[in-house]
Amino acid sequence: MTNTLVSNRKALVASAMGEIKDYINNDGVTRESLDRVKEVVTGLTKETEMFGAAEFPIPSHEEIAKIYLITDDVGGDFSLYLISVLPLGPSPVHDHGTFAVIAGLEGDEENTIYKRLDDESQPGRAQVVEDYKVTLSMGDAIAFMPQDIHRIQVTSETPTRHFHLYGKGFEQQNDRLEFNLAEGTTKSVGGSMIPIDESRRVL
Ligand SMILES: [Fe+2]
């Protein structure tokens, strides 16, 4: 990548993150503010040269997934990743305990979104049912409130390479829940099973 492209990418990420932080810090985490954040992250998916597979390669078969940290703030606030996953899955049904935006760059990631039916009064228990599915391809995006529940599965024959933005980074996501639909139970999980690759940090 040329030096110009590297400095343009840095400027782009700085300006996108500035906009995102303004929306969240001024308006809080709401469906409306997340819709605006979603527009900003979707804008990044147009920059296929800056975020190409040469710079952010797909995982090997052994790795299964690569999680490239693009930028974050102190304490993991506003963590933007480029995540590439082999055509495998599905993931466990989970929430993130923080807001999230996913936007497609390459490949197809099917998101199944779930509804919680119980009143959340019983720790460790949850009644959760499937609500709808949406597949994120290039230029598509979805936003999640902290307690929104989803599951992802790569449905393309090639790996996905998608942007994932979180209010708190994986290492700080200690309020995450995984849901066992058949048993009606929840389990608290932290962080990510996949190591975070910081070698391609942009900012
Ligand atoms: Fe997720």
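Residues numbered from 1 in each chain as written. Predicted model: local features only at pLDDT ≥ 70, side-chain atom pairs only at ≥ 80, totals over all residues. Heavy atoms only, no water.

A.B. asks: Let's hear about the coordination of the iron ion: which residues, and what values?
C.D. replies: With distances of 2.0 to 2.1 Å, the protein atoms coordinating the iron ion are His 94 (NE2), His 96 (NE2) and His 150 (NE2). Ordering the donors of the iron ion by residue number gives the pattern H-x1-H-x53-H. One end of the pair, His 96, is in the loop between β3 (93–94) and β4 (100–106); the other, His 150, is in strand β8 (residues 149–154), with 54 residues separating them in the sequence. For the pair His 96 and His 150, a shared accessibility class is recorded, and that class is buried. (Donors = N, O, S within 2.8 Å, 3.2 Å for Na, K, Ca; no water. Helix = DSSP H or I, 4+ residues; strand = E, 2+ residues; numbered from the N terminus. Buried < 20%, exposed > 50% of the residue type's maximum accessible area, 1.4 Å probe, protein only.)

A.B. asks: So what's going on with helix α1 (residues 3–27)? Which residues, and what values?
C.D. replies: Here α1 contains 25 residues, and its C-alpha end-to-end distance of 36 Å stays within 8% of the 36 Å for a straight helix at 1.5 Å per residue. For α1, the full list of buried residues reads Leu 5, Arg 9, Val 13, Ala 16, Met 17, Ile 20 and Ile 24. Buried residues along α1 sit in contact with α2 (31–44), β1 (65–71), β2 (77–85) and β9 (160–168). Positive backbone phi, at 75°, marks Gly 28, one or two positions downstream of α1. (Expected span 1.5 Å × (residues − 1). Contact = heavy atoms within 4.5 Å.)

A.B. asks: Which residues make up the packing of aromatic side chains, and what values go with them?
C.D. replies: Summed over the entire model, instances satisfying the criterion amount to seven aromatic pairs. Ring centres of Tyr 166 and Phe 170 lie 4.9 Å apart, and the angle between their planes is 55°; on these two criteria the pair is classed as tilted. Accessibility expressed as a relative area gives 4% for Tyr 166, which makes it buried. By the ring-pair criterion, three or more aromatic residues cluster together here, those being Phe 51, Phe 56, Tyr 68 and Phe 163. (Phe/Tyr/Trp six-rings, centres within 6.5 Å; stacked < 30°, edge-to-face > 60°.)

A.B. asks: Would you mind going over the nonpolar core in detail, with residue names and values included?
C.D. replies: General note: in soluble globular proteins, nonpolar side chains tend to be found buried as a group. Grouped together as the largest cluster of nonpolar side chains are 28 residues, with contacts concentrated most on Ile 20, Val 41, Phe 51, Ile 70, Leu 82, Phe 163 and Leu 165. Breaking this core down by element, the ones donating at least two residues are α1, α2, β1, β2, β4 and β9. The element best represented in this core is α1, accounting for six residues. In contact with Leu 82, not counting residues within four places along its chain, are Phe 51, Phe 56, Lys 66, Ile 67, Tyr 68, Ile 70, Leu 105, Arg 161, His 162 and Phe 163. Among the nonpolar cores identified, the runner-up in size contains 15 residues, and Ile 67, Val 85, Phe 144 and Phe 170 belong to it. (Core = buried A, V, L, I, M, F, W, Y, C linked by side-chain atoms within 4.5 Å.)

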